[in-house]
Amino acid sequence: MGQGYFVLGNGGAAVQALKAIRVAGYTGELHQISDDSGRAFNPMVAPYFLAEKTGWDTCFPFGKNFIEEHQITAHYGDKVVALDADSSTITTAGGKVFNYDKCLIATGARPVIPPIPGLPESHCALPLREPQTAQNMLKSLSSASHALILGASFVGVKLAEVFLEKGIRVVLVDIASQVMPQGAHKHAAQHVEKYISSKGIDIRLGSSLSRVDDVPEGAICHFPDGTMEKVDFIAVSAGIRPNLDFIDTEQVNIARAVCTNQFMQTNKPNLYAAGDVCESFDRLSLSQQWMGTWGNACYQGRVAGMNMAGSATRYAGSIPQHVSPIFSWTYMQIGDALREGAAVKYEESGDPFSGPYKIIIYDDGVVVGANLINSSIDLAWIKKEMNKGLGLQSEVV
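Since this is a predicted model, take the numbers as computed values, not measurements.

A. Expanded view of the pattern of salt bridges. Taken as a whole and judged by the stated rule, the model has 15 salt bridges. Between K158 and E161 there is a salt bridge, with the nearest N and O atoms lying 3.1 Å from each other. Residue K158 and its partner E161 are located together in helix 5 (residues 154–165), separated by 3 residues, close to a single helical turn. Neither K158 nor E161 differs from the other in exposure class; each is buried. Through salt bridges with shared partners, one network takes in R169, D202, R204 and E229.

Written as structure tokens, this is what we have:
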């Protein structure tokens, strides 16, 4: 007999699961274990906090009294170091051992720190993932005049805007050949690159750093061509990696992340996974995929929690969507704009420098993705066409 239900983690997936477990009627012992020390933090809001467009509390979307309101026994500041799925046992760094009836792995992901000599140990390297790193970056902004952003992701581009508007000279570096390489079609990316470059951002694509040397008032960033940039800090936006170190791969099926079915169950019936730590069914590719987005993590967490509490609920799959202002532009991305293959075609129209722009991706005649700039009016019908092509009666998240 276990000690009740356990949720590992403290992000969107974990908290939505805890809420769903109670909403679905489970009244037994409910535990949460996390190496965090407080409320769940949404890192996607952090750039807007740094830009002073939202307050600090907005980064914590679930309120101050969530634990008490949902009668959860919280074990904060204690990291899970081992999970034995065969014996349903959890071990923490603090030496505690728990036996669970059901457990959800929702430990999220951590920032990728590229293995550039000097970068991992640099006191100037600041990823934007946790509350403390957000506060560290805010402190650095108050006195900085020159910053380097490593990674031209959506977050990297947004940070470049925030820093520039605070009067900081910005160098944006990515080893990829385009900005926003994880989701922007190369044509849309070219427009964004031209636009943010015109604002004064120094963009260096197809490049990385060869070495980072800390100095008393910042860091010296060395490039492979021999050039250097002395900066006050380095914002690391090079992606995320699922937190899987405590899971025995002989017991739990893992590909890029933990594999789950449409009920968010792993290969062990009493063990679930949700959020950035798992792979799940993707409607667009009809395969198991990893999707590291806040909205999808929350959706998966709700589904997992409902199923843990005995309320059978299927995860219908998500269509990835991203909306972000970039200076005075509004950039939107939905679905898979990077689709390749003989049957893939695209339609492109407009010029974002003078009006709306869109590029729509088709696979065998079916809409599978789009990038929109200043073209919000087109989002609704594109989503409708995507859902129709996927054979859905109603829109999935």
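From this point, the discussion proceeds with the structure in view.
B. The arrangement of helix 4 (residues 131–141) in detail. All of the buried residues along helix 4 are T133, A134, M137 and L141. The buried residues of helix 4 all sit within an arc of 105° when viewed along its axis, so they share a single face. Counted as exposed and oriented over 90 degrees from the buried face of helix 4: Q132 and K139. Its buried side turned inward, helix 4 meets helix 2 (46–50), strand 9 (125–127), helix 5 and strand 16 (233–236).

C. Main features of the pairing of strand 26 (residues 366–373). Taken across its 8 residues, strand 26 has 7 buried, putting it largely inside the fold. Strand direction decides the pairing type here: strand 23 (residues 329–335) and strand 26, joined by 5 bridges, are antiparallel. By the bridge assignment for strand 26, M332 is matched with L372. Sheet topology places strand 25 (residues 357–363) next to strand 26; 7 bridges connect them, and they run antiparallel. Looking at the pairing, I361 lines up with G369 of strand 26.

D. Highlighting the environment of Q132. Looking at where Q132 falls in the secondary structure, it is placed in helix 4. Along the sequence, Q132 and A184 sit 52 residues apart, while their C-alpha atoms lie 30 Å from each other.

E. View of the environment of G11. If you trace the backbone, G11 turns up in the loop between strand 1 (5–8) and helix 1 (12–23). G11 gets classed as partly exposed once you look at its relative accessible area, which sits at 22%. Taking the C-alpha atoms as reference points, G11 and A343, separated by 332 residues in sequence, lie 39 Å from one another. Every residue in contact with G11, bar those within four places of it in the chain, is listed here: A40 and W294.

F. Quick peek at the nonpolar core. Within the largest apolar cluster, 48 residues are counted, with the highest numbers of intra-cluster contacts made by M137, F163, I196 and F233. Excluding its chain neighbours within four sequence positions, the residues that come into contact with M137 are L50, L126, P127, L128, L159, F163, F233 and A235. Counting 45 residues, the second-largest nonpolar core is a separate cluster that includes V80, I105, A106 and Y272.

G. Highlighting the confidence of the model for the protein. Of all residues in the protein, 98% attain a pLDDT of 70 or more, and the chain-wide mean is 93. Per-residue pLDDT stays below 50 along residues 393–397; that stretch engages in 13 contacts with residues further than four places along the chain or on separate chains.

H. Molecular detail of the packing of aromatic side chains. Applying the stated criterion across every chain, the model contains 15 aromatic pairs. An angle of 75° between the planes, with centres 5.2 Å apart, marks the rings of W56 and F60 as edge-to-face. The class of W56 is partly exposed, set by a relative accessible area of 24%. The exposure class of F60 is buried, given its relative accessible area of 9%. In this arrangement the basic side chain of K194 is found over the ring face of F353, its NZ or CZ atom lying 5.0 Å from the centre. Taking NZ or CZ as reference, R204 lies 4.6 Å from the ring centre of F223, over its face.

I. Spatial organisation of unusual backbone geometry. If you check the backbone angles, Q71 has positive phi at about 50° while not being a glycine. In this structure, Q71 sits in the loop between helix 3 (66–69) and strand 3 (73–76). The phi torsion at N374 lies on the positive side, around 55°, for a residue other than glycine. As for its position among the elements, N374 is in the loop between strand 26 and helix 8 (379–389).

What counts, and at which threshold
Residues numbered from 1 in each chain as written. Predicted model: local features only at pLDDT ≥ 70, side-chain atom pairs only at ≥ 80, totals over all residues. Heavy atoms only, no water. Salt bridge = Lys/Arg side-chain N within 4 Å of Asp/Glu carboxyl O. Helix = DSSP H or I, 4+ residues; strand = E, 2+ residues; numbered from the N terminus. Buried < 20%, exposed > 50% of the residue type's maximum accessible area, 1.4 Å probe, protein only. Arc of directions from axis to C-beta. Contact = heavy atoms within 4.5 Å. Pairing = 2+ DSSP bridges. Core = buried A, V, L, I, M, F, W, Y, C linked by side-chain atoms within 4.5 Å. pLDDT = per-residue confidence, 0-100. Phe/Tyr/Trp six-rings, centres within 6.5 Å; stacked < 30°, edge-to-face > 60°. Lys NZ or Arg CZ within 6 Å of the ring centre and 35° of its normal.

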